[in-house]
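Notes for the structure review
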Amino acid sequence: MTLALDRSTETAAAVPAVAGAALRVPLVTGGDIGYANLDHAASAPCLDAVRSAVDEFLPWYASVHRGAGFASQVSTRLYERTRDVLRRFVDARNGDSVIFTRNTTDAFNLLAKALPRKTSVVVFDSEHHAALLPWRGPNVRRVQLPRTRLAAVSVVDEALAECPQGPRLVVVAGASNVTGELLPVAEIAAVARKHGARVALDAAQLAPHRRISVRELDVDYVALSGHKLYAPFGAGALIGRGDWLRAAEPYLAGGGATKLVTEEAVVWNSGEERHEAGSPNTVGVYALGVACEQLSAHWDALRAHEAALLERLRKGLEGLPGFAELRFFDAPVDRVGTVSFVVEGFEPGWLAAVLSAEYGIGVRDGAFCAHVAARRLLREAGSEAQQAVRVSLGLGNTEEHVDRLVLALRQIVARGARWEYAKVDGRWAPVGDTRELPGFCA
Ligand SMILES: Cc1ncc(COP(=O)(O)O)c(C=O)c1O
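It should be emphasised that the depicted structure is a prediction, and the values quoted were computed from it without experimental measurement. (Residues numbered from 1 in each chain as written. Predicted model: local features only at pLDDT ≥ 70, side-chain atom pairs only at ≥ 80, totals over all residues. Heavy atoms only, no water.)

As for the overall build of the chain
Of regular secondary structure, the chain possesses 13 helices and 19 strands. For the chain, whose C-alpha radius of gyration is 23 Å, the value lies close to the compact-globule estimate of 22 Å for 442 residues. For the chain, the C-alpha atoms occupy an extent of roughly 70 × 60 × 45 Å along the three principal directions. The 442 residues of the chain split such that 54% are buried. For the chain, long-range pairs separated by at least 24 residues make up 72% of all intrachain contacts whose partners lie at least 6 apart in sequence. Of note, the chain has its 49 positive side-chain charges centred 3 Å away from the centre of its 51 negative side-chain charges. (Helix = DSSP H or I, 4+ residues; strand = E, 2+ residues; numbered from the N terminus. Rg over C-alpha atoms; globule rule 2.2 N^0.38 Å. Buried < 20%, exposed > 50% of the residue type's maximum accessible area, 1.4 Å probe, protein only. Contact = heavy atoms within 4.5 Å. Lys, Arg positive; Asp, Glu negative; His and termini not counted. Charge placed at Lys NZ, Arg CZ, Asp CG, Glu CD.)

The structure is reproduced here in structure tokens:
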């Protein structure tokens, strides 16, 4: 049997390669070009190592937990072992639960359902909708993220001081999906402790770029998504303190979450399975674990790679006529490789369409599922636009991608597009586009 169960000992080298690095896409103006995927913050490409691990595993893939067959034992072992991989990945406390979910959104919805009655929740308005919307009711306090990190900590302090007695939770992103800026998580956690509050870290944008330590940050829960962590097979996780989770109603009712079902009663599992009813996504979970191990083995190279690209990008964008970047904080802060901006006189959706059709560059346009925050930042940047363009860097990028983007923006601003565009179903698209999608889309 060649199936490798432990990849954590692989030695660090250059940054791990991703699937699609050699992908070429057709241009509306004719010919094709290497795809520049500058949209890692939405979904990152699959790591090559993840793809080959999944390929190696697939012949062994079988039912987990209740299957008696040998392949079921292999699958069960990989599935359960990945809980430890995730615990290590975020440096969780001994005994922290690791519940597999579909993604961060799912993880926060699960946590929201598991909160003790009358839990007060404090959350910044800058959060992604996944971290902003699951908390409902009169005990939720949305606070505006101020323009300094220090003030952000004070705002949480004040909001917690006004909360009624009882359980309290602060929800905060590690890194903003709009601006890439890192939030002062450890400082917020320290203030939360003072008020007896717990902290849930939205690590969807932080985990692909920075080592996370639950113990050092002193947070209670971490939510993350595999598809942003180079493992796009549909798994995510909620990691954290087990007491509220064990006491809560199962997230979903069904098989796997139960110990015993009789005509009269149901005895639910008390461990992680309590919230994992239904057949689990074993392949996705395994892929997520492999990705976490890969990133853990390459942090130094990854950070150096992304920092160099980010600096190149920022230098390139400096001085672009009409360019305004969205930022929460006045002073420069540590950040991941995500930059959102507007260019005066150019609609973001149109710019994104031109970058794609004429330059083979994939970026995101919109309000990035953070509508409240994006609108405010646009106003503060002096723009009347309701949306922005977002460029987000990761392992799939090269210097050429960044240079191409910068050159493309300069050309578009200087002389416009070479093609004609019109809105189709509310989105800009090239007129008379004859490019065909690959055959497997038919
Ligand atoms: C900061 C942040 N939190 C949560 C999410 C939600 O992640 P998912 O769509 O994987 O549930 C995202 C997705 O973009 C995000 O950027």
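The discussion continues.
A closer look at the site of the ligand
Near the ligand the following residues occur: Asn103, Thr104, Thr105, His128, Ala130, Asn177, Asp202, Ala204, Gln205, Ser225, His227 and Lys228. Thr105 is positioned with one of its side-chain polar atoms (N or O) 2.5 Å from an oxygen atom of the ligand. The separation between an oxygen atom of the ligand and a polar side-chain atom of His227 is 2.6 Å. Protein chains bury 90% of the 390 Å² of accessible surface belonging to the ligand in isolation. (Near = heavy atom within 4 Å. Polar contact = N/O pair within 3.5 Å; in protein donor to acceptor, adjacent residues only side chain to side chain. Areas by Shrake-Rupley, 256 points an atom, 1.4 Å probe, with all protein chains shown as cover.)

Describing the environment of Phe108
With respect to the secondary-structure elements, Phe108 resides in helix α3 (residues 104-114). On the accessibility criterion, Phe108 (0% relative accessible area) is buried. Along the backbone, Phe108 and Gly432 are 324 residues apart, and their C-alpha atoms lie at a distance of 43 Å. Sequence-distant contacts of Phe108, defined by excluding residues within four places in its chain, comprise Ala130, Ala131, Pro134, Trp135, Val171, Ala200, Leu201, Asp202 and Ala223.

So, the pairing of strand β8 (residues 198-202)
Every regular strand shows the same layout, with side chains that alternate between the two sheet faces. Counting buried positions over the 5 residues of β8 gives 5, a clear majority of the element. Side chains Arg198, Ala200 and Asp202 of β8 all project onto a buried face; the interleaved residues Val199 and Leu201 project onto the opposite face, where all are buried too. Bridge analysis of strand β7 (residues 168-173) against β8 gives 5 bridges, and the strand direction is parallel. From the neighbouring strand, Val170 faces β8, where its bridge partner is Val199. Considered for its hand, the β-α-β crossover made up of β7, helix α6 (residues 185-194) and β8 is right-handed. Pairing of β8 with strand β9 (residues 221-225), which is carried by 3 bridges, proceeds in the parallel orientation. (Pairing = 2+ DSSP bridges. Right-handed = clockwise from strand over helix to strand, strands pointing away.)

Quick notes on the pairing of β9
Most of β9 sits out of view: 5 of its 5 residues are buried. Here β9 shows a buried face lined by Tyr221, Ala223 and Ser225 and a second buried face lined by Val222 and Leu224.

Re unusual backbone geometry
The phi torsion at Asp218 lies on the positive side, around 60 degrees, for a residue other than glycine. With respect to the helices, strands and loops of the structure, Asp218 is situated in the loop between α7 (214-217) and β9. Judged by relative accessible area, Asp218 falls into the partly exposed class, the value being 29%. Residues other than glycine seldom take positive phi values, yet Asp425 does so here, at roughly 50 degrees. Mapping Asp425 onto the fold places it in the loop between β18 (421-424) and β19 (427-430). For Asp425, a relative accessible area of 80% corresponds to the exposed category.

Remarks on the packing of helix α1 (residues 48-57) against helix α9 (residues 282-296)
Geometrically, a packed helix pair is captured by the angle between its two axes and the distance between the axes. Where α1 contacts α9, the two axes come as close as 9 Å, and the packing angle between them is 140 degrees. Here α9 runs oblique to α1, going by the angle between their axes. Helix-helix and strand crossings are classified by hand; for α1 and α9 the assignment is right-handed. In this structure, α1 contributes Ala49, Val50, Ala53, Val54 and Phe57 to the contact, and α9 contributes Thr282, Val283, Tyr286, Ala287, Val290, Ala291 and Gln294. (Axes fitted to C-alpha atoms, helices over the stretch in contact; angles between N-to-C directions. Parallel < 35°, antiparallel > 145°, perpendicular 65-115°, else oblique. Left-handed = near helix turned anticlockwise from the far one by under 90°.)

Coordinates in, geometry out; function isn't part of it.
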